[in-house]
Amino acid sequence: MVNNKFVNQIPLSPDDLPTSWYNIVPDFPGSFPGPKDPDEGPSRLEFLSRVIPKKLLAQEMSTERWIKIPEEVRNLYTQAGRPRPLYRARRLEKFLNTPARLYYKREDLSPTGSHKVNTALAQAYYAAEEGHVGVATETGAGQWGTALAYAASLMGLKCLVFWVRAVYDWKPERKALMELYGARVVASPSGMTDVGRELLIQNPKHPGSLGIAVSEGLEFAGNNRGWVYSLGSVLNHVLMHQTIIGLETMKQFELVDDRPDVMVACLGGGSNFGGFTLPFAGEVLQKKRECRFLAAQTEVSGNLVRGEYRYDYGDHAGKTPLLKMYTVGHQTEMDPVKADGLRYHAAAPVISYLKHLGLIEAVEYPRDELAVFQAARTFVQTEGFLPAPESAYAVKAAIDLALECKRKNEAKVIAFNISGHGFLDLAAYREKLLDSGQKDPEQVTLDVRTR
Ligand SMILES: *Cc1c(COP(=O)(O)O)cnc(C)c1O
């Protein structure tokens, strides 16, 4: 037991690394709606089974509660710095003058700067084990492409990344990092696929979208022998790999003899939110604990806030099977935001089902992102770590909850996930907080000089 009166950092040793991933599906009440084919056209289920590794397909459909993590993947996890610490945000608590206790998980400590590495390593491992030569994928903000490029290089695989053009154009550093890992990176829509070529004819400067990039990656993997497709979010097996985050967090709370009353993460497709919360949500379903779960979103794609719960495709061209999700529509155009990793039309089936059951709440923040970036500044100036713009949404939601606790004088425990770091997003920070002459209108923003 660690004395919670003084501790700021709650570490785990490599021996404490979980040995299995958690699958929430067998703990769901009622029947969890599975993927299906549309009434017309070729079978998407059959297509998907051809372009992803067999072990991952089995995990996607699995109803086993615990899936053993292969020894080599556990080894890769520790090599990548797992387990990751949980921090108590004492300075932020003090600054906000809140009776709430705040904790945050440090997924920003990963080699490429985000939680995406947790599934990238597993997916690259299975692709290599099954004898494939390359992995193709999509990326939006660039974090997933970087994570897969890294994992592919460690496993000796080729990697091809279709990168949403709107973002590709303003993140040359992240492109350099992917290329350093040996990946080939192309702006999407690209001339390499039918889907891309068709869109480029309509508009040669098409800004692209995550849904379009997914279609391109799937088409490429389907047409090239030895290549498989990797998805960075949404699918069951991706969220399952990410549960390593929540399983560690659960052990860390036990060490300090505390429990979260509310857990917060940002949500685009749902992988960091699911990874952080699903082990806890499973215990809520089994009536072993009480906890609220809050997803922080952007209003350009607030799928859980405004979406409809229905079958929809996961990509623009409709190459994926139909998945039952909260969706704003797979061909809806969404304006780019700095937290571009959150700009996705639907929330993972597993997350959507939990929302449908009433276990998940969601909040969305305005597209100007100002309040979110100001919350990130408060976090930087009190805790010292620069969050990714996406993670700043979780910080904002956690700060709002902490201020609510202050108004109501409630000593709640709030846990939030820092899904990534912002070192390759400094241009966004400059634009939102420094160059624009935006002064701090919010009471929560720090003024260091007058403290
Ligand atoms: C990709 C990404 C997200 C959003 O994706 P989810 O699948 O919803 O987690 C959030 N934060 C970071 C740092 C990311 O890289």
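From a predicted model like this one, the values you see are computed outputs, not experimental measurements.

Q: Give a detailed account of the site of the ligand, specifying residues and quantitative values.
A: Near the ligand, the surroundings consist of 17 residues, among which Lys116, Ser233, Gly268, Ser271 and Ser419 are the closest. At 2.8 Å, a backbone N or O of Gly270 approaches an oxygen atom of the ligand. Coverage of the ligand by the protein chains reaches 97% of its 380 Å² of free accessible surface. Across the shell around the ligand, the residue classes break down as 3 nonpolar, 12 polar and 2 charged.

Q: Please set out the pairing of strand β5 (residues 101-106) residue by residue, giving values where relevant.
A: Summarising burial for β5: 5 of the 6 residues are buried, a large majority. As paired strands, strand β4 (residues 86-88) and β5 are joined by 3 bridges and run antiparallel to one another. Residue pairing for β5: Arg88 is matched across the bridge by Tyr103. Taken together, the 6 bridges between β5 and strand β15 (residues 413-418) define a ladder with parallel strand orientation. Counterpart to Tyr104 in the pairing with β15 is Phe416.

Q: Requested: an account of the domain arrangement of the protein, with residues and values cited.
A: Split into domains, the protein comes out as domain 1 (20-43 + 50-71 + 116-234) and domain 2 (82-113 + 237-449). Taking only C-alpha atoms, the centre of domain 1 and the centre of domain 2 are 22 Å apart. Every contact between the two is made by 60 residues of domain 1 and, on the other side, 56 residues of domain 2. Contact with domain 2 buries area across many residues of domain 1, yet Tyr22, Asn118 and Val234 alone supply 16% of it, more than any other trio. Counting across the domain 1 and domain 2 interface gives 1 salt bridge. Notably, a salt bridge pairs Lys171 with Asp425, separated by 3.2 Å at the nearest N-O pair. Looking at the side of domain 1 that touches domain 2, the element that brings in the most residues is helix α10 (residues 210-223), giving 7 residues. Looking at the side of domain 1 that touches domain 2, its residues break down into 35 nonpolar, 16 polar and 9 charged.

Q: So, the nonpolar core: which residues are in play, and what are the values?
A: Within the largest apolar cluster, 104 residues are counted, with the highest numbers of intra-cluster contacts made by Trp21, Ile24, Phe28, Tyr77, Phe293, Ile351 and Leu354. Here Phe293 is in contact with Met263, Phe273, Thr277, Phe280, Ala281, Val284, Leu359, Ile360 and Glu361, once residues within four sequence places are set aside. Core analysis: the next-biggest nonpolar cluster, separate from the first, contains 38 residues, Leu102, Leu342, Leu386 and Ala394 among them.

Q: Go over unusual backbone geometry, please, and point to the residues and values.
A: Omega for the peptide link from Arg82 to Pro83 comes to -10°, which places this bond in the cis form. Along the chain, the position of Pro83 falls in the loop between α3 (71-79) and β4. The phi angle at Glu369 is positive, at roughly 65°, despite the residue not being glycine. Judged by its relative accessible area of 1%, Glu369 is buried. Within the chain, Asn409 stands out as a residue other than glycine whose phi angle is a positive 50°.

Q: With reference to specific residues and values, describe the packing of α3 against helix α5 (residues 117-129).
A: Two elements in contact, α3 and α5, have axes whose closest approach is 10 Å; the angle formed by their N-to-C orientations is 145°. Note that α3 runs across α5; the crossing there is right-handed. Where α3 abuts α5, its residues Glu72, Val73, Leu76 and Tyr77 lie against Asn118, Leu121, Ala122 and Tyr125. Here the residues of the contact of α3 with α5 sort into 6 nonpolar, 1 polar and 1 charged.

Q: Explain the side chain of Glu369 to me, and be specific about the residues and the numbers.
A: Mapped onto the secondary structure, Glu369 falls in the loop between β14 (360-365) and α15 (370-383). Within the buried set, Glu369 has no salt-bridge partner at all; the shortest N-O distance to an opposite charge, 4.4 Å, is to Lys432. Reaching out from Glu369, the side chain makes a polar contact with the backbone nitrogen of Lys338 at a distance of 2.7 Å. Contact partners of Glu369, with chain neighbours within four places excluded, come to Val337, Lys338, Ala339, Tyr393 and Lys432.

Q: Report on the packing of aromatic side chains, specifying residues and quantitative values.
A: Inspection of the entire model under this criterion finds 19 aromatic pairs. Residues Phe220 and Trp227 carry aromatic rings whose centres are separated by 5.2 Å and whose planes lie at 90° to one another, so their mutual orientation is edge-to-face. Judged by relative accessible area, Trp227 falls into the buried class, the value being 14%. In this arrangement the basic side chain of Arg106 is found over the ring face of Tyr87, its NZ or CZ atom lying 5.0 Å from the centre. In this structure, Lys338 is placed above the aromatic ring of Trp170, and the distance from its NZ or CZ to the ring centre is 4.6 Å.

Q: Give me the sheet that holds strand β9 (residues 227-230): which residues, what numbers.
A: Strand pairing within a sheet occurs via backbone hydrogen bonds; the two strands may be parallel or antiparallel. Across the sheet, which stays open at both edges, the 4 strands sit in the order β8-β7-β6-β9 with parallel pairing between neighbours. Unpaired on one side and paired on the other, β8 (184-188) and β9 mark the two borders of the sheet. Adjacent strand axes in the sheet meet at a mean angle of 25°, parallel and antiparallel pairs treated alike. Of the strand pairs in this sheet, strand β6 (residues 134-139) and β9 are connected by 4 bridges, and their pairing is parallel. The residue bridging Gly134 from the neighbouring strand is Trp227, located in β9. Here helix α6 (residues 143-155) sits on the sheet and contacts β6, β7 (158-164) and β9; the angle it forms with β6, its principal contact strand, is near 165°.

What counts, and where the lines are drawn
- Residues numbered from 1 in each chain as written.
- Predicted model: local features only at pLDDT ≥ 70, side-chain atom pairs only at ≥ 80, totals over all residues.
- Heavy atoms only, no water.
- Near = heavy atom within 4 Å.
- Polar contact = N/O pair within 3.5 Å; in protein donor to acceptor, adjacent residues only side chain to side chain.
- Areas by Shrake-Rupley, 256 points an atom, 1.4 Å probe, with all protein chains shown as cover.
- Nonpolar A, V, L, I, M, F, W, Y, C, P; charged D, E, K, R; others polar.
- Buried < 20%, exposed > 50% of the residue type's maximum accessible area, 1.4 Å probe, protein only.
- Helix = DSSP H or I, 4+ residues; strand = E, 2+ residues; numbered from the N terminus.
- Pairing = 2+ DSSP bridges.
- Domains from an automatic or database assignment.
- Contact = heavy atoms within 4.5 Å.
- Buried area = accessible area lost by both parts, 1.4 Å probe.
- Salt bridge = Lys/Arg side-chain N within 4 Å of Asp/Glu carboxyl O.
- Core = buried A, V, L, I, M, F, W, Y, C linked by side-chain atoms within 4.5 Å.
- Axes fitted to C-alpha atoms, helices over the stretch in contact; angles between N-to-C directions.
- Left-handed = near helix turned anticlockwise from the far one by under 90°.
- Lys, Arg positive; Asp, Glu negative; His and termini not counted.
- Phe/Tyr/Trp six-rings, centres within 6.5 Å; stacked < 30°, edge-to-face > 60°.
- Lys NZ or Arg CZ within 6 Å of the ring centre and 35° of its normal.

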